[in-house]
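Read off the chains here:
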Amino acid sequence: MTKTVLFWRHGQTDFNVAGRFQGQTDVPLNDTGRAQAKQAARLLAEFGPGLIVCSDLSRASETADSLAAFVDVEPVRDERLREASFGEWEGSTRAEVAETWPDELAEWASGADVAPPGGESRSRSGRRAADAIIEIVRSADAETIAIVAHGAVLRGAAEILVEMNGTGRLGVLGNCGHGEFVFTGTNWVLRSWGASSR
């Protein structure tokens, strides 16, 4: 059975506004993020998802709950969909990180597949999320599935699924931006990326 799979990034947080690395720190949505989630949920509800699976971090869970309210489907929380861990960088801006780890930040920012101190590399976090999504989609009876998670892991997983192999060719979804895939049973086809309700 061909399935439609939606990748949906959570709404805005105060860390997003301040340009801070969030990673697996449980930062909630701010008021703007809640409004974004409700607006985007109205659009995504038109796809009629029969399954919603989200990261267990509150910013993704609350975003998923806004969609659930429209389609009457209880979201499933899955810790495998958490954002990439940025380790010791979490809570800091790039400028602050550069003060302590200038060489490490420069290498990471260049696109090299390196991990922040105490964190995950892009390939590791992308593979974690991609493996989870493959398992979720293959085992689901639903024809349309919404995956609600975070910018870095959604991009990393998407590039793996369409065999870009974590090249960074896809941009990071904006807050409450989404991508649409078709899974044929053997292949992943990217229909759109970066769509927004705003």
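Below is a summary of the structure that appears in this document. (Residues numbered from 1 in each chain as written. Predicted model: local features only at pLDDT ≥ 70, side-chain atom pairs only at ≥ 80, totals over all residues. Heavy atoms only, no water.)

### Section: helix 6 (residues 122-139)
Threshold: Under the DSSP-based scheme used, a helix requires at least four consecutive residues in state H or I and a strand at least two consecutive residues in state E, with every element numbered from the N terminus. Helix span is expected to be 1.5 Å times the residue number reduced by one. Each residue gets one of three labels from its accessible area relative to the maximum for its type: buried under 20%, exposed over 50%, partly exposed in between, using a 1.4 Å probe on protein chains only. For this quantity, the arc is that covered by the directions from the helix axis to the C-beta atoms. Between two residues, a contact is recorded if the distance between any of their heavy atoms is within 4.5 Å.
Here helix 6 contains 18 residues, and its C-alpha end-to-end distance of 26 Å stays within 8% of the 26 Å for a straight helix at 1.5 Å per residue. Restricting attention to buried positions, one finds in helix 6 the residues Ser 125, Gly 126, Ala 129, Ala 130, Ala 132, Ile 133, Ile 136 and Val 137. Across the axial projection of helix 6, the buried residues extend over an arc of 165°, all falling on one side. For helix 6, exposure combined with an orientation more than 90 degrees from the buried face picks out Arg 124, Arg 138 and Ser 139. Where the residues of helix 6 are buried, they touch strand 1 (3-9), strand 2 (51-54), strand 4 (144-149), helix 7 (151-161), strand 5 (178-183) and strand 6 (188-195).

### What about the nonpolar core?
Where we set the bar: What makes a nonpolar core is a set of buried Ala, Val, Leu, Ile, Met, Phe, Trp, Tyr and Cys residues whose side-chain atoms join them at distances within 4.5 Å.
Counting residues in hydrophobic clusters, the biggest one holds 36 residues, and the most contacted among them are Phe 7, Leu 81, Trp 89, Ile 133, Ile 145, Ile 147 and Trp 188. Elements with a contribution of two residues or more to this core: strand 1, strand 2, helix 5 (102-109), helix 6, strand 4, helix 7 and strand 5. For Trp 89, the contacting residues outside a window of four places in its chain are Phe 21, Val 97, Trp 101, Glu 104, Leu 105, Trp 108, Pro 116 and Pro 117. Ranked by size, the runner-up nonpolar core spans 17 residues in total, among them Leu 6, Ala 45, Cys 54 and Val 148.

### Re helix 3 (residues 58-71)
The terminal C-alpha atoms of helix 3, which comprises 14 residues, lie 20 Å apart, in line with the 20 Å expected from a rise of 1.5 Å per residue. All buried positions along helix 3 are accounted for by Arg 59, Ala 60, Ser 61, Thr 63, Ala 64, Ser 66, Leu 67, Ala 68 and Val 71. Check the buried side of helix 3 and you find it contacts strand 1, helix 2 (31-45), strand 2, strand 3 (76-77) and strand 4. A positive phi of about 55° marks Asp 72, the residue just after helix 3.

Remember that the coordinates give geometry; whether it matters functionally is a separate question.
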